[in-house]
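For reference, the chains in residue letters:
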Amino acid sequence: MQDRRHFLKIGLVGTAAFATACTSEPANDPATVGEASPRLKGPIVLSTWEHGIQANAKAWEVLSSGGNVLDAVEQGVAVVESDFSNRSVGLGGMPDRDGHVTLDACIQDHEGRAGAVAFVQRYEHPISIARAVMERTPHVLLVGAGAERWASENGFVARDVEIPEVKAKWLEWLKKGEYKPIVNIENHDTIGMIALDANGRLAGSCTTSGMAFKVHGRVGDSPIIGAGLFVDGEVGAACATGIGELVIRTAGSHTVVELMRHGMEPTAACQEAVRRIIKQNPGMKDAQVGFLAIRKDGTVGAWSVYRGFNYALRTGEKSELRDAGFDREWA
Ligand code: GLY
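Conventions and cut-offs
- Residues numbered from 1 in each chain as written.
- Predicted model: local features only at pLDDT ≥ 70, side-chain atom pairs only at ≥ 80, totals over all residues.
- Heavy atoms only, no water.
- Buried < 20%, exposed > 50% of the residue type's maximum accessible area, 1.4 Å probe, protein only.
- Helix = DSSP H or I, 4+ residues; strand = E, 2+ residues; numbered from the N terminus.
- Pairing = 2+ DSSP bridges.
- Axes fitted to C-alpha atoms, helices over the stretch in contact; angles between N-to-C directions.
- Contact = heavy atoms within 4.5 Å.
- Near = heavy atom within 4 Å.
- Polar contact = N/O pair within 3.5 Å; in protein donor to acceptor, adjacent residues only side chain to side chain.
- Areas by Shrake-Rupley, 256 points an atom, 1.4 Å probe, with all protein chains shown as cover.
- 1 Å grid on protein atoms, 1.4 Å probe; cavity = no way out; pocket = protein on both sides within 12 Å on 5 of 7 lines; lining within 4 Å.
- Sits in = over half its atoms within 2 Å of the grid points.
- Nonpolar A, V, L, I, M, F, W, Y, C, P; charged D, E, K, R; others polar.
- Points joined across faces, edges and corners; volume = space filled by probe spheres on them.
- Phe/Tyr/Trp six-rings, centres within 6.5 Å; stacked < 30°, edge-to-face > 60°.
- Patch = residues over 30% accessible without salt bridge, like charges linked within 9 Å, V, L, I, M, F, W, Y side chains within 5 Å.
- Salt bridge = Lys/Arg side-chain N within 4 Å of Asp/Glu carboxyl O.
- Core = buried A, V, L, I, M, F, W, Y, C linked by side-chain atoms within 4.5 Å.

Counting buried residues in strand E10 (residues 236-242) gives seven out of seven residues, a clear majority hidden from the surface. Side-chain alternation along E10 places Gly236, Ala238, Ala240 and Gly242 on one buried face and Ala237, Cys239 and Thr241 on a second face that is also buried. Where strand E9 (residues 229-232) folds back onto E10 in an antiparallel hairpin, the turn is made up of three residues. As defined by bridge partners, E10 adjoins strand E11 (residues 289-295) across seven bridges and the pair is classed as antiparallel. When the bridges of E11 are listed, Gly236 appears paired with Arg295.

Printed below as a string of structure tokens:
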């Protein structure tokens, strides 16, 4: 899994004119620190992990049929939320230590408008509730029972999903009750998506069932604007995956975007955000965090603590799975 470097090519989606606007050219900034970042033209969709491939395909479908970038990032990650074979996103995710699947999500547009929900149960699409919070309330974040009640009052329908495999894993875990996530397995716990449309507008989304066997009530970075996701329409966007506590403590995605604002290219900005996490946690072992970034000019970047963080990139007719740069080997 760690050495995976497949480059998947998936067929043409959308009109030829749309695809033509999306050809890529190499980065040409000699002042980069870390891995060089490719500069890409036209619409770009970037998502965490391999499940990002299917999410990007949906987002691309939305963009190529004239939809806006906010629709694209919402509908893209919603595909993964509906995939109940996914154990880290949506109602198919792993439960907390009390056996409840609790979900966190957020969304942000190029004007900085944002919506989020945290610690919600029984809703298939927390990302859509997050968007509704953004569009229909004066607030940014609703949590728990209040968020669920608001969702129900606003047309979202709760449902029960019981997956025998998940229940069996939880019952097995209860025997020891030990909280010990495994790097790149139980840590690939999120889909974060950031996108740039043909008009230069940015948006992002992030959704997760959080860490397996977390304390009931625990909320990670994914619904926290500035931690799991940050979009600044003048600069760029970033999202995070991995141990949410480490990302929250460093305001990770905001850090990446702010570093880009001050001139750092996206890969270097992601790398610096990872270095701050490592510096802040010198004894840290086996804790994965990864960042993705898009700068407004179409330059993209990714970096993680450990080898093994991959991400899906969609530009034009090309859909790729890439490996992020990393600071540490995981033994
Ligand atoms: N990064 C997702 C979480 O920590 O819950």
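One open sheet accounts for eight strands, arranged E6-E5-E4-E8-E7-E3-E13-E14; its pairing is mixed. A strand with exactly one partner marks an edge of an open sheet, and here the two such strands are strand E6 (141-143) and strand E14 (318-323). Adjacent strand axes in the sheet meet at a mean angle of 10°, parallel and antiparallel pairs treated alike. Pairing between strand E3 (residues 44-48) and strand E7 (residues 191-196): four bridges, direction antiparallel. The partner of Leu46 across the bridge, within E7, is Ile194. Sheet contacts for helix H5 (residues 144-153): strand E5 (114-120) and E6; angle to E5, the most-contacted strand, approximately 115°.

With that settled, consider the site of the ligand. Around the ligand, the neighbouring residues are Asp189, Thr190, Gly210, Met211, Arg218, Gly220, Asp221, Ser222, Gly242, Ile243 and Gly244. In the model, a nitrogen atom of the ligand is placed 3.2 Å from a nitrogen or oxygen of the Thr190 side chain. Asp221 places a side-chain nitrogen or oxygen 2.6 Å from a nitrogen atom of the ligand. Alone, the ligand offers 200 Å² of accessible surface; in the complex the protein occludes 100% of this. Judged by the proximity of its atoms to the pocket grid, the ligand belongs to the largest cavity. Here the shell around the ligand is composed, by residue class, of two nonpolar, six polar and three charged.

If you add up the space inside the largest pocket, you get close to 380 Å³. Lining the largest pocket are 17 residues, with Gly99, His100, Val101, Val161 and Glu162 sitting closest to its centre.

A few words now on the packing of aromatic side chains. Summed over all chains, the structure comprises three aromatic pairs. Between Trp49 and Phe309, the aromatic rings sit 5.0 Å apart at their centres with planes inclined by 65°, giving edge-to-face as the arrangement. In this pair, Trp49 sits in the loop between E3 and helix H2 (52-64) while Phe309 sits in the loop between strand E12 (300-306) and strand E13 (310-315), placing the two residues 260 residues apart along the sequence. Classification of Phe309 by relative accessible area gives buried; the value is 0%. Seen in terms of ring centroids, Phe309 and Tyr311 are 6.5 Å apart; in terms of plane orientation they differ by 40°. Their pairing is tilted. The two residues Phe309 and Tyr311 agree in class, both being buried. Taken together, the ring pairs in this structure connect Trp49, Phe309 and Tyr311 into an aromatic cluster.

Residues Val140, Leu141 and Val143 make up a contiguous nonpolar surface patch of about 230 Å² in total accessible area. Inspection of the secondary structure puts Val140 in the loop between helix H4 (126-136) and E6. According to the relative accessible area criterion, Val140 is partly exposed, its value standing at 41%.

Formed by 36 residues in total, the largest nonpolar core has its most connected members in Val45, Val73, Ile107, Val117, Ile129 and Met193. Counting only elements with at least two residues in this core, the list comes to H2, helix H3 (69-81), strand E4 (103-109), E5, H4, H5 and E7. Take this core: its biggest share by element is seven residues, from H3. Residues Ala227, Val235, Ile243 and Val305 belong to the second largest nonpolar core, which totals 27 residues.

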